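Observations on chain architecture
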Amino acid sequence: MGGFSVSTHSYVKLAMKAVHYYLLKGELLPCPSPLPPGMECRSGVFVSIKIKKNRNLRGCIGTIEPNQDNLAKEIIKNAVSAATRDPRFKPITIEELDTFSFSVDTLTPLEPINTPDKLNPQRYGLSIKGSSKQGILLPDLEGIDTPEKQIDICLKKAAIPKNSHYQMYRFEIKRYK
């Protein structure tokens, strides 16, 4: 696997290392010990993998709320899932690993909202929950420039009919590259 850029954030380095390790050994990378600074906290995390050449998405998996003991474990688990378990794509192989770029998004806690005017697709991600379904959309995605588009896509992702009862939540992210 190629070297990391000096400017690559430690969260992204951990995500890349976790995928490399998993593809080599077939198991999750052990959690770093001691924990690197900033990774002792808990947060929802999304790991996105894109093709370097054209910036097309190749995998994205995450958690809205933390499921692990710390941020490092959350990044490791979600990075491996993004590389190998995103149902939209075939699993990544070790041979093609160098053709991808990674980003890691940490999420603020969900904040309930009642109306679309509380959304800004550049700033806020959206989670919509209805009955037993949930749709999630990260903020600042190309082509999604209105709250209405955000809501429509979230409802479609969750297969929630527009006229049914659902609750909207917004969240912010911090993106690391």
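As a reminder, the structure under discussion sits directly above these lines.
Sequence positions are assigned chain by chain, starting from 1 and proceeding in written order. The predicted nature of this model means local features are confined to residues of pLDDT at least 70 and side-chain atom pairs, given and counted, to a pLDDT of 80 or more, with totals for whole chains, interfaces and linings taken over all residues. Side-chain numbers here rest on the full set of heavy atoms in the structure, without hydrogens or water.

**With respect to the packing of aromatic side chains**
Only centres within 6.5 Å qualify two rings of Phe, Tyr or Trp (six-membered ring in Trp) as a pair; their planes then separate them into stacked at under 30 degrees, edge-to-face at over 60, and tilted for everything else. As enumerated under the stated definition, the model contains 1 aromatic pair in all. Geometrically, the ring pair formed by Tyr11 and Tyr176 is edge-to-face, given 4.6 Å between the ring centres and 65 degrees between the ring planes. Residue Tyr11 is located in helix H1 (residues 10–25), and its partner Tyr176 is located in strand S8 (residues 173–176); the two are separated by 165 residues in the primary sequence. Think of it in three bands: with a 1.4 Å probe and only protein chains considered, a residue is buried below 20% of the maximum accessible area for its type, exposed above 50%, and partly exposed in between. The class of Tyr11 is buried, set by a relative accessible area of 8%. When the ring centre of Tyr169 is taken as origin, the NZ or CZ atom of Lys129, which lies over that ring, is 5.0 Å away. The aromatic ring of Tyr124 is capped on one face by Arg170, whose charged end is 4.1 Å from the ring centroid. Every helix listed is a DSSP run of H or I at least four residues long, and every strand listed is a run of E at least two residues long, numbered separately from the N terminus. Here, a charge over a ring means that NZ of Lys or CZ of Arg falls within 6 Å of the ring centre while also lying within 35 degrees of the ring normal.

**Some details on helix H2 (residues 71–84)**
The first and last C-alpha atoms of H2 sit 20 Å apart over 14 residues, in line with the 20 Å expected at 1.5 Å per residue. Buried residues dominate H2, accounting for 12 of its 14 residues. Listing the buried residues of H2 in full gives Leu71, Ala72, Glu74, Ile75, Ile76, Asn78, Ala79, Val80, Ser81, Ala82, Ala83 and Thr84. Where the residues of H2 are buried, they touch H1, strand S1 (45–51), strand S2 (57–62) and strand S3 (100–107). Here the expected span of a helix is defined as 1.5 Å times the quantity of residues minus one. Residues count as neighbours in contact if any of their non-hydrogen atoms are within 4.5 Å of one another.

**Things to note about the sheet that holds strand S5 (residues 125–130)**
By the convention used here, strands pair only if DSSP detects at least 2 bridges between them. With antiparallel pairing, 4 strands are arranged side by side in an open sheet as S4-S7-S5-S6. Each end of this open sheet is capped by a strand with a single partner; those strands are strand S4 (111–113) and strand S6 (133–137). Averaged over all adjacent pairs, the angle separating strand axes in this sheet is 25 degrees, with direction ignored. In terms of strand pairing, S5 meets strand S7 (residues 167–171) through 5 bridges, oriented antiparallel. Bridge pairing in S7 links Gly125 to Phe171. Here the axes come from fitting lines to C-alpha atoms, over the contacting stretch only for helices, and the angles between their N-to-C directions go from 0 to 180 degrees.

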